[in-house]
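Residue strings, one per chain:
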Amino acid sequence: MQGLRGFIIRRLIQSVITLFILMSVLFFMFRVLPGDPTTSFVDAALPVEAQQAVLEQFGLDKPLMEQYWIYMKNLVQGEFGISFNSREPVVNVIADKLWNTIFLMGFTIGLALIFGILLGALVAWYRGTKFEAVTVSIALFFRSAPVFWIGMVALALFSYKAGWFPTGGMHEPGQQFSGFVDKYINFEFLHHLILPSLVGAAYYIASPMLIMRNSMIEVMEEDFIEMSRAKGLRERSVLFKHAMRNALLPVVTEITLLIGFAIGGQVLVETVFNWPGLGREIVHAIQMNDYPVAQASFFLMGVLVVFLNLVADVLYAYLDPRVTYK
C-alpha cells in the first residue's frame, strides 16, 4: 500500500508495537522497584484472613505472569484498575488531573513554540546585531536556570510583591463547579494559569528558538531567497512567507521531543504553583507504591508522545513537498 494512507497504517502498527513494549516495561519496572506495595494498604494489625482477602481483591496473590496477563487484558479494554491508596478507580483519580496538566502543558508549549519560532526567525534575520546577542543570552539564562527557581522568583515578584497573579492553585479555595466548561472556561482559571505557563515557556523557549535560528541561517543562503528578493518582494514577505516555512521542519521534530520533556518537567512547575496536575500525582503514586495509578499515568504520557510523533511525521508532507511516503 503506497501513499499517505499506507504510511499512516504502517506508522499506526509501529505505534501499537511501541505501546505494547511500553506497557510491558511499566508492569515489570514497578515490580522490581524497592518497597512492598502491600504495606501501604494492608494493615499489619488485621487478621491473616483479612489481609489475604485484600490481596485477593487487588490480584496480588496471583503469580507474576498471571498478573501481567490480567494487566494487559484490562489495559486493552481501557480498564486501569483500582488505586491501592484511595481505593477508587484509577480513571477517576487521574481524569481531572490529566485535564489540569493538559491545559497547563498546552499553554506552556504553545507559548514556547509561538515565541520561540518567531524569535528564532528574527534572531537569524538580524544576525550579528545586539538584538541577537541579548535575545539568545536571555533565552539561555532561563534554560540554564532550574525551572523551580524561576517559578519561586516569579511568585515572589509578581504574586507576593506586585499582587498581579494568585500565589498558587487553579481556583480560589472553596469553589464548586457544575461541569467541565464551568471549571475551565472562566477568567479565574485563566488568571491562575498565566504565571505558571509563562514560567514553563521561559524555561523551554530556548530549544525551539535556537533550532529555528540555525535552520533559518541555512535557508537564508538558499537560491530561492535571493530569487524572492530579486523579484522585488518585501523583506517581511521573504521572511514570513518563504524563509520561515522552509525552516520549520527541524522545529516540528523538536515539538514532539519538547512535549515529552515538558510532561516530565511539569511536576516541578505543578509543585511550585500548587497545581493539582498529573505530574504531582505520579510522584505521590510512586512514593505510595500505588502501581495502578503510576502505570496508568506513565502509559497516558506515552500514548500522548507516540501520537504526537505520528502527527509530526504527517506534518512533514505539508511543510515540505519534497517529502514522499514510501
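None of these values were measured; they are calculated from a predicted model.

**Observations regarding the UniProt feature "transmembrane region" (unreviewed entry) in the protein**
Next up, step 1: What UniProt calls "transmembrane region" (unreviewed entry) maps, in this numbering, to residues 12–33, 102–126, 138–160, 189–206, 247–269 and 298–319.
Next up, step 2: Split by type, residues 138–160 is 91% helix and 0% strand. Its first and last C-alpha atoms lie 24 Å apart.
Next up, step 3: Taken end to end, residues 189–206 has its terminal C-alpha atoms 27 Å apart, with 94% of it in helix and 0% in strand.

**Section: the nonpolar core**
Next up, step 1: The biggest cluster of nonpolar side chains holds 28 residues, and the ones touching the most others in it are I109, F189, L195, V199, Y204, F273 and W275.
Next up, step 2: Ranked by residues supplied to this core, first place goes to helix 9 (residues 187–204) with seven residues.
Next up, step 3: Excluding anything up to four places from it in sequence, W275 contacts N100, T101, L104, G169, M170, F189, H192, L193, P196, E270 and R280.
Next up, step 4: In terms of nonpolar packing, the next biggest core, distinct from the first, is built from 24 residues, Y68, Y71, V90 and Y291 among them.

**Thoughts on helix 9**
Turn by turn, an α-helix covers 3.6 residues, leaving residues three or four places apart pointing in a common direction.
Next up, step 1: Over its 18 residues, helix 9 extends 25 Å from the first C-alpha to the last, a length consistent with the 26 Å expected when each residue adds 1.5 Å.
Next up, step 2: At I194, helix 9 shows its largest kink, close to 30°, and the proline P196 lies no more than four residues downstream.
Next up, step 3: For helix 9, the full list of buried residues reads F189, H192, L193, L195, P196, S197, V199, G200, A201, A202, Y203 and Y204.
Next up, step 4: At the N-terminal boundary of helix 9, the capping side chain belongs to N186, with an oxygen 3.2 Å from the backbone nitrogen of E188.

Analysis parameters
Residues numbered from 1 in each chain as written. Predicted model: local features only at pLDDT ≥ 70, side-chain atom pairs only at ≥ 80, totals over all residues. Heavy atoms only, no water. UniProt positions renumbered as here; feature names shortened; annotations may be inferred. Helix = DSSP H or I, 4+ residues; strand = E, 2+ residues; numbered from the N terminus. Core = buried A, V, L, I, M, F, W, Y, C linked by side-chain atoms within 4.5 Å. Buried < 20%, exposed > 50% of the residue type's maximum accessible area, 1.4 Å probe, protein only. Contact = heavy atoms within 4.5 Å. Expected span 1.5 Å × (residues − 1). Bend = angle between axes of the 7 residues up to and from the residue. Polar contact = N/O pair within 3.5 Å; in protein donor to acceptor, adjacent residues only side chain to side chain.

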